[in-house]
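Residues per chain, in single letters:
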Amino acid sequence: MSNRVRQVLIAVWPLLLAVVLIWPLLSSTGHPLGRDLIFVPEQPWTDGTWGLGPVAPRAIPLDAVVSALTTLLDGAVWARVLILAILAGAGWGAALLARSHGLTAALVAGGFAVWNPYVAERLALGQWALLAGYAAVPWLIRHGMRYARTGRHGDLAVVVAWAACGSLTPSGGLVVLATLAVVLVCAERRRWWPLILAVAMQGTWISAGLLGTTAGASDRAGVAVFAPDGEGPGGAVVAVLGLGGIWDSLSEPASRTTWWGALTAVVVSAVVLAFWWWLRRRPAPALRALMVLGLLALAVVLLTALPLGTRLLETVVAEVPGAGLLRDSQKLLAPYAILAAVAFGVLSGAAVRRLAGLGVEVFGSVAVVAVLAPVVLLPDATTVVWPTVRPVHYPAGFAEVAEHLDAAAREGDASAVVTLPWRSYRLFAWGSEVTASDPAIRWFDRTVVVDDDLQVGRRLVPGESKIGRQVGEALRAEVPLTQLGDLGIGWVLVYRDDRGAAKLDPQGLQPVYSDRWLALYRVPGVTEAGHAGPRERAVVIGAHLLYATLGLGAAGWALVTVAQRLRRRRSESATSAIAGDTLQ
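A brief structural summary. (Residues numbered from 1 in each chain as written. Predicted model: local features only at pLDDT ≥ 70, side-chain atom pairs only at ≥ 80, totals over all residues. Heavy atoms only, no water.)

Along its length, the protein chain carries 23 helices and 12 strands. For 584 residues, the compact-globule estimate of 2.2 N^0.38 gives 25 Å, and the C-alpha radius of gyration of the protein chain, at 25 Å, lies within 12% of that figure. C-alpha atoms of the protein chain, sized along the principal axes, occupy 90 × 55 × 45 Å. Put simply, 77% of the contacts in the protein chain that link residues at least 6 apart link residues at least 24 apart. Here the protein chain displays about 25200 Å² of accessible surface, and carbon together with sulfur accounts for 63% of that area. Of the charged side chains in the protein chain, 48 are positive and 41 negative; the average position of the first set lies 14 Å away from that of the second. (Helix = DSSP H or I, 4+ residues; strand = E, 2+ residues; numbered from the N terminus. Rg over C-alpha atoms; globule rule 2.2 N^0.38 Å. Contact = heavy atoms within 4.5 Å. Areas by Shrake-Rupley, 256 points an atom, 1.4 Å probe, with all protein chains shown as cover. Lys, Arg positive; Asp, Glu negative; His and termini not counted. Charge placed at Lys NZ, Arg CZ, Asp CG, Glu CD.)

With that settled, consider helix α18 (residues 360–377). Here α18 spans 25 Å end to end across 18 residues, near enough to the 26 Å set by a 1.5 Å rise per residue. Of all the bends found along α18, the most pronounced is centred on V371 and spans about 40°, while P374, a proline, follows it within four residues. Those residues of α18 that fall on the buried side of the exposure criterion are A367, A370, V371, A373, P374 and L377. On its buried face, α18 is in contact with α1 (3–21), α5 (103–114), α14 (259–279) and α17 (334–355). (Expected span 1.5 Å × (residues − 1). Bend = angle between axes of the 7 residues up to and from the residue. Buried < 20%, exposed > 50% of the residue type's maximum accessible area, 1.4 Å probe, protein only.)

A contiguous nonpolar surface patch, about 510 Å² in accessible area, is contributed by W260, L263, V266, V368, L372 and V376. Going through the elements one at a time, α14 and α18 are the ones with two or more residues in the nonpolar patch. Along the polypeptide, L263 turns up in helix α14. (Patch = residues over 30% accessible without salt bridge, like charges linked within 9 Å, V, L, I, M, F, W, Y side chains within 5 Å. Salt bridge = Lys/Arg side-chain N within 4 Å of Asp/Glu carboxyl O.)

Across soluble globular proteins, nonpolar side chains show a tendency to be buried alongside one another. Counting 116 residues, the largest nonpolar core has L87, Y118, L123, W128, Y134, I141 and F275 as the members making the most contacts within it. Once you skip the residues sitting within four places of it in the chain, Y118 turns out to touch L130, L131, Y134, L243, Q330, K331, L333, A334 and A337. In this structure, L33, A440, F444 and V450 belong to the second largest nonpolar core, which totals 26 residues. (Core = buried A, V, L, I, M, F, W, Y, C linked by side-chain atoms within 4.5 Å.)

What follows covers the environment of A157. Relative to the assigned elements, A157 resides in helix α8 (residues 153–166). Once the C-alpha coordinates of A157 and Y147 are considered, the two residues, 10 residues apart in sequence, prove to be 9.4 Å apart. Residue contacts for A157: discarding those within four places in its chain leaves A554, W557 and A558.

What follows concerns the sheet that holds strand β7 (residues 448–449). Across the sheet, 5 strands lie side by side as β7-β4-β10-β12-β11; this open sheet has mixed pairing. Across the chains shown, the open sheet's two edge strands, defined by having one partner strand only, are β7 and β11 (510–514). As paired strands, strand β10 (residues 489–495) and strand β12 (residues 518–522) are joined by 5 bridges and run antiparallel to one another. Its bridge partner being in β12, V494 is matched across the sheet by A519. Across the sheet, helix α20 (residues 397–410) is in contact with β4 (416–420), β10, β11 and β12; its angle to β12 comes to roughly 15°. (Pairing = 2+ DSSP bridges. Axes fitted to C-alpha atoms, helices over the stretch in contact; angles between N-to-C directions.)

The next subject is the side chain of E231. Looking at where E231 falls in the secondary structure, it is placed in the loop between α12 (221–226) and α13 (235–241). Taking relative accessible area as the criterion, E231 reaches 6% and is therefore assigned buried. A distance of 2.9 Å separates the side chain of E231 from the backbone nitrogen of G245, its partner in a polar contact. Beyond its immediate stretch of four places on either side in the chain, E231 contacts E121, A239, G244, G245, I246, E252, R256 and T257. (Polar contact = N/O pair within 3.5 Å; in protein donor to acceptor, adjacent residues only side chain to side chain.)

On to the pairing of β11. Bridge count between β11 and β12: 4 bridges; the pairing is antiparallel. Paired with S514 across the strands is A519, a residue of β12. If you look at the hairpin formed by β11 and β12, you'll find 3 residues sitting between the two strands.

Given below as structure tokens:
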């Protein structure tokens, strides 16, 4: 088999699995609206874009990136491009780490990195941007270790570019920092620039967290709610060892709740243990760094799954501002999932080489089984992912409401919008079969207040929005909706298909727009609420500009470096061909 064919296979297999995993999104028109996965035609620039809105800055700098991108192309296009690129990028990165161990190793590693419980469950929850941090891990390991060895600026550019991609969310930023810290420790020569620049890029969410309206500690009740979940036999520890354990039961494939999930834990643990044994006497610094990083991530998540770790995390979350980011600890399992993928690939490649002498039928069969193993271990991944990524068509009323709000803004009205009935997740009659976060937050060019309390089973996790808490208290007290103006609420948007809409009393509100699905009212006598000040905006926007400068500059530098290397290889190949013809 030629080297070109090998490269094509390595590129196509992860891409093919990624296409299957999100097929409804790729095969249908519309915008994804499921769980936390929300795209709109054009996302405006608001205080919330910079993390200065009424909710905690957990989608920073993601919101600014999406706002910038949707000024160029519709969000429907970017949803397909970004999610597919992230999934395929994770597979390609894992394949590159395993490629030196053979074609089978690269195919198994690339496929496993795309198709595993961690990816399926996080994507089912709609957390596509978190997977950017996951996808960055193998690239940061590979090029971080190479930069430490050679000091070449091209490798530094690749590291910084992937650090920017991985840092789309604060959680992804933590994964990036942990990865680069391990690279720094494991490399023979310690070069600090990758970690320094990655830390600088975290200024987006750090500054927003310090200067925003939600700065402060989180409710400790969220720790138990978001703790790793025991999906099936063996409890939380077994679920985590099998790359699962997400807190949301609706995101768990049915196979994870059976003994098949426990079997996956056994297989993954055995593979990682065997890989550790195999790696002991081999000079593979990048793989050693990945082993250290993956096991550290596993240890942290397992600790939070135990009573002692839960109590410790509750104390930290309740006392340390911003520590609420750590409540959903299972998301930090990302490096361990990449470790499992690469370990599976390398060991499969080693097994195939050992069996090569027994004939193509034997080692070929083993190779095929190994390549298909990820799908066999999680045969029902699409049952939870497809409902989330299936796109919908927004009612035309959203654009009409946006026009009315924009017209009021041109007249100087900057008051907030509240969406009713008051709830955090909604099931739209015109949408898909899964609940979704409120799309109004990303549709309208002003602050949108929604219920950010989260009901998980019988447990309620209080939200962190001050104005959201005030509005919720007023609504529970059944005060007239006209009094919401005292809280800075100038507009009420009613989702008329919601079962609670009929109970609302809009008396005293000024009707502005109404159709089958939406009704917009103006609140008379609104008192303008405070907004982020110019100093806060300057600091946070400055941090975003630094992030963009580093990320785009590094990406451009990396592309130039790659182009130069390809040109050099072509020149060397042409020279070799001419020399061969001359000798003949």
